[in-house]
Amino acid sequence: MKVLVTGVAGQLGHDVMNELAKRGYEGIGSDIAPSYGGVMDGTPVTTMPYVQMDITDQAAVEQIITAAAPDVVVHCAAWTAVDLAEDDDKVENVRLVNAKGTENIALVCKKLDCKMVYLSTDYVFDGQGTEPWQPDCKDYKPQNVYGQTKLEGELAVSENLDKYFIVRIAWVFGVNGKNFIKTMLNLGKNHDTIRVVNDQIGTPTYTYDLARLLVDMIETEKYGYYHATNEGGYISWYEFTKEIFRQAVEQGHTEYTEERLKVCPVTTEEYGASKAKRPFNSRLDKCKLVENGFTPLPTWQDALGRYLRVIEF
């Protein structure tokens, strides 16, 4: 099986390439940069082919993917700077990447009759209530530019293809890039008090675990919409932060002890408005994974422990 992966300079694309290598599949990495190199778990991504590709350039996308002739395209590339997306001078760029770029890829997949995986987000919903969002729910009400453009990407895939997996994720963290955990660890080193919101609820997703699931998926023809986060229950960002520091201390990082570092729960309103409206309810129902024979991701507590052991902080 030959798999082309977009966005390999990001957290998930990087891990998908390494998972493909572990299983002996032929992976082709792509991103907007001229070249890319990275290592995780001793596996250098540079051992696999890499092609520079601007997904917003329709002609280039068609030429590059057609030449690669993959069996599957795993589309991880996206504009993910949620607050920056709200700037008036950035909206069109965000749409070009998340919507038009995705459509460009979907149209080539249609022509080649190959499978496509599109990574989406709970931001396609309105983020209200307390019930977990169902994967086949069509009650779309994105509250910000990022969510709207990711929804447009979903529709570009579902309206053009039959062989697709649309996988919504949330609260992503991985080795290769910035994320909430790294931000909290850095803040904790330099502050004695941190304020974290406690009224936004969801579940973290470790890209190392997610990559395994995505490769499991592309080995099948069980197409459709899925939700995928780690197991372990729904939590707030405040609860997640407390566990990050608890496990860091457990692993010997005493600068994060409760005696030195206080974590204060605050509401979203108390924390202060960000440019983009954030969902209060990021709960994603993942039952469809089990129903279709896929192994759920490990608990987020377990994932966090493994993650803290492989990053430097």
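For clarity, every value in this text was computed on a predicted model and none was experimentally measured.

### Describing the nonpolar core
It is characteristic of soluble globular proteins that their nonpolar side chains tend to be buried jointly. Ranked by size, the top nonpolar core spans 62 residues in total, and within it I65, I105, I181, L185, F240 and F245 carry the most contacts. Apart from residues no more than four positions distant in its own chain, F245 is found in contact with M184, L185, G188, I194, Y256, L261 and V263. Within the second largest apolar cluster, 29 residues are counted, among which are L12, V117, I169 and L214.

### Concerning the side chain of K115
With respect to the helices and strands, the residue K115 is situated in strand 7 (residues 115–121). Although buried, K115 forms no salt bridge, and the nearest oppositely charged side chain, E221, lies 5.1 Å from it. Within the structure, the side chain of K115 is placed 2.7 Å from the backbone oxygen of T220, a separation counted as a polar contact. Discounting chain neighbours no more than four positions away, the residues touching K115 are D71, V72, V73, C109, K163, F165, I218, E219, T220, E221 and Y223.

### Section: unusual backbone geometry
One non-glycine residue, D113, lies in positive phi territory at about 55°. With respect to the helices and strands, D113 occurs in the loop between helix 3 (91–112) and strand 7. One non-glycine residue, W171, lies in positive phi territory at about 50°. Examined against the element boundaries, W171 turns out to sit in the loop between strand 8 (164–169) and strand 9 (172–173). The class of W171 is buried, set by a relative accessible area of 12%.

### Regarding the pairing of strand 1 (residues 2–6)
Counting buried positions along strand 1 yields four of five residues, so the element is predominantly enclosed. Both strand 1 and strand 2 (residues 26–31) contribute to a ladder of five bridges, which runs parallel. Counterpart to T6 in the pairing with strand 2 is S30. The pairing of strand 1 with strand 6 (residues 72–75) spans four bridges and is parallel. Among the inter-strand pairings, V3 is bridged to a residue of strand 6, identified as V72.

Conventions used here
Each residue is numbered by its place in its chain's sequence as written, counting from 1. Thresholds applied to this predicted model are a pLDDT of at least 70 for local features of residues and 80 or more for the giving and counting of side-chain atom pairs; totals over whole chains, interfaces and linings are not thresholded and use all residues. With hydrogens and water stripped out, all remaining heavy atoms of the structure feed into the side-chain values. Only buried residues count toward a nonpolar core, which is a set of Ala, Val, Leu, Ile, Met, Phe, Trp, Tyr and Cys residues joined through side-chain atoms within 4.5 Å. Only protein chains enter the accessibility calculation, which uses a 1.4 Å probe; a residue is then buried when its area is under 20% of its type maximum, exposed when over 50%, and partly exposed in between. Pairs of residues are marked as contacts when any of their non-hydrogen atoms sit within 4.5 Å. Every helix listed is a DSSP run of H or I at least four residues long, and every strand listed is a run of E at least two residues long, numbered separately from the N terminus. The sign given to each residue is positive for Lys and Arg and negative for Asp and Glu; His and the chain ends receive no count. Basic side-chain nitrogens of Lys or Arg form a salt bridge, by our definition, when they fall within 4 Å of a carboxyl oxygen of Asp or Glu. Polar contact is defined as a pair of N or O atoms within 3.5 Å, subject to the rule that within protein one atom must be able to donate a hydrogen and the other to accept it, and that residues adjacent in sequence are counted only when both atoms are side-chain atoms. Strand pairing requires that DSSP identify at least two bridges connecting the strands.

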